[in-house]
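Chains, contacts and geometry: an overview
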Amino acid sequence: MADELVPVAAALKSMKRPNSGLTWIRQRHVTDLLKELAVSQTITHELLDDLPGADRTRNYVRGLLVEHGVLPRRDELAARYDDWATGALERVTTVEHQTVLRRYIHWHHRRRMNEMETVPRGTFLRAKQIVTMAAEFLNWLDSCGVTLKDLRQEHLDAWLADGPSTRRIIDRFLPWAIKGRLVDPELIIKAHRRGTSPKLSKSEQDSAVERVVHTDELNIRDRAAAILVIVFGQHIEDVVQLTWDNVTVTDDVVTLRLGKTTFALPSPLDEPLRQLAATPGNGLTAAHPNSNWVFPGYSPGQHIHGASLRNRLKTIFGTRSARLGTLHELTKLGPIPIIADALGYHPATIERHAIGSASVYSQYIAARRQLG
């Protein structure tokens, strides 16, 4: 075995929950990949990319190698996006449209990703969705015998009318094409109206809080996450990235820092975080030797995915409708700047919720502007 792999072997042999490791290793596809890795002279990301096996297994092993210092950390979502984009280009039916989409991928999405310290999962998923829709649009144009330079408003309207609402996502590609002088600059897609998303009513919120706090419908980890959404109006993508640097647990109190404010959680809202601090999930395997995530995931060194958490919480509430309902009610209780600072939102976002809830504090903003 290569010397670099010794720390990983040691971590697997010293797991607090060895049955999990044994069950995983005994799977044929895992055994085959580990054997290939063990006889390799040099361990690199590129080597791992080329080894046979399922992506899921390869990515899990890569995470173990990174967490235990065998491989340097790299932006996995950026690397996965590059691989995915190659396949997306192959699905475009004409060379001309492939060239356009390649430019869009490289000079718009990939350039934005390069400017980020790490690519968030939401950015990765949105970029895939937008490029997928752009590819479908280009193929649709080809099936109609229309090139981008010949695209007219009636073609665009027909595309939007003859398909699902997700086709509106083409409004992300169109401005780029206009800026690059690839299409008529007069083309328009009617903007989506803000404030049309459903939100939980006050009674629905109260019922959801009751179920989260006083029943066992959710496990401890999901209860803690649900409280952050339904009580504090937090985005699910921010919830999953919470670290123990933002949470303090003592015998007397549990405090939570969101935005610029630290909250003391009253009982029983504090109980799920107390239990998580005492028995952190996924902390008994080799996947998380030094994890600081409040919600560690199954992938080594990573937090749980927002999509999987969102799916588990939907038995009680939709996370978007719950968050919007909470913000709708909170704007009735205090000045917009204070709420925005406390919860980590931009004041303009909270102002929109205040206006939408017919809050008296929309008048507060108007008065401040007059004084200013």
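Further up the page is the structure itself.
Residues numbered from 1 in each chain as written. Predicted model: local features only at pLDDT ≥ 70, side-chain atom pairs only at ≥ 80, totals over all residues. Heavy atoms only, no water.

Side note on the pairing of strand β2 (residues 254-258)
To be explicit about the condition: Exposure is judged per residue with a 1.4 Å probe applied to protein chains only, and the accessible area is read against the type maximum: over 50% gives exposed, under 20% gives buried, and values in between give partly exposed. Under the DSSP-based scheme used, a helix requires at least four consecutive residues in state H or I and a strand at least two consecutive residues in state E, with every element numbered from the N terminus. By definition, two strands form a pair when at least two bridges between them are found by DSSP.
Where burial is concerned, most of β2 is hidden: four out of the five residues are buried. When strand β1 (residues 247-249) meets β2, the two strands line up antiparallel, connected through three bridges. When the sheet's bridge partners are listed, V249 is paired in β2 with V254. Summarising the sheet, β2 and strand β3 (residues 261-265) pair through five bridges and their orientation is antiparallel. Counterpart to R257 in the pairing with β3 is T262. Between β2 and β3, which pair antiparallel in sequence order, lie two residues; one of them, G259, sits at a positive phi of approximately 60°.

What to know about the nonpolar core
Test applied: To form a nonpolar core, buried Ala, Val, Leu, Ile, Met, Phe, Trp, Tyr and Cys residues must be joined to one another through side-chain atoms within 4.5 Å. Any two residues having at least one pair of non-hydrogen atoms within 4.5 Å are treated as being in contact.
Ranked by size, the top nonpolar core spans 42 residues in total, and within it F295 and F317 carry the most contacts. Among the elements that take part in this core, helix α12 (residues 220-230) stands out by supplying seven residues, more than any other. Contacts of F295, omitting those with residues within four sequence positions, involve R221, A224, A225, L228, V239, V240, L242, L276, H303 and I304.

A look at the pattern of salt bridges
Two side chains with opposite charge may pair up if their charged atoms get near one another. This is how it is decided: The term salt bridge refers to a side-chain nitrogen of Lys or Arg lying within 4 Å of a carboxyl oxygen of Asp or Glu.
Evaluation of the coordinates by the stated rule reveals 17 salt bridges. Put simply, R62 and E76 hold a salt bridge, and the shortest N to O gap is 3.3 Å. Placement of R62 in helix α5 (residues 55-67) and of E76 in helix α6 (residues 76-90) is noted, with a sequence separation of 14 residues between them. The class for R62 is buried, based on a relative accessible area of 3%. On the accessibility criterion, E76 (24% relative accessible area) is partly exposed. Between R73 and E67 there is a salt bridge whose closest N-O contact spans 2.9 Å.

Some thoughts on α6
Put simply, the rule reads: Residue count minus one, scaled by 1.5 Å, sets the expected span of a helix. The arc refers to the directions leading from the helix axis to the C-beta atoms. The definition of a polar contact used here is a pair of N or O atoms within 3.5 Å, where within protein one atom must be able to donate a hydrogen and the other to accept one, and adjacent residues in sequence count solely through side-chain atom pairs.
For α6, which comprises 15 residues, the first-to-last C-alpha distance of 22 Å matches the rise-based estimate of 21 Å (1.5 Å per residue) to within 8%. The complete set of buried residues in α6 reads L77, A78, Y81, W84, A85, A88 and L89. Projected onto a plane normal to the axis of α6, the buried residues spread over an arc of 140° and lie on a single side. Within α6, the exposed residues directed more than 90 degrees away from the buried face are D83 and E90. Close packing links the buried residues of α6 with α7 (95-114) and α8 (121-143). Looking at where α6 begins, the residue whose side-chain oxygen comes 3.4 Å from the main-chain nitrogen of L77 is D75.

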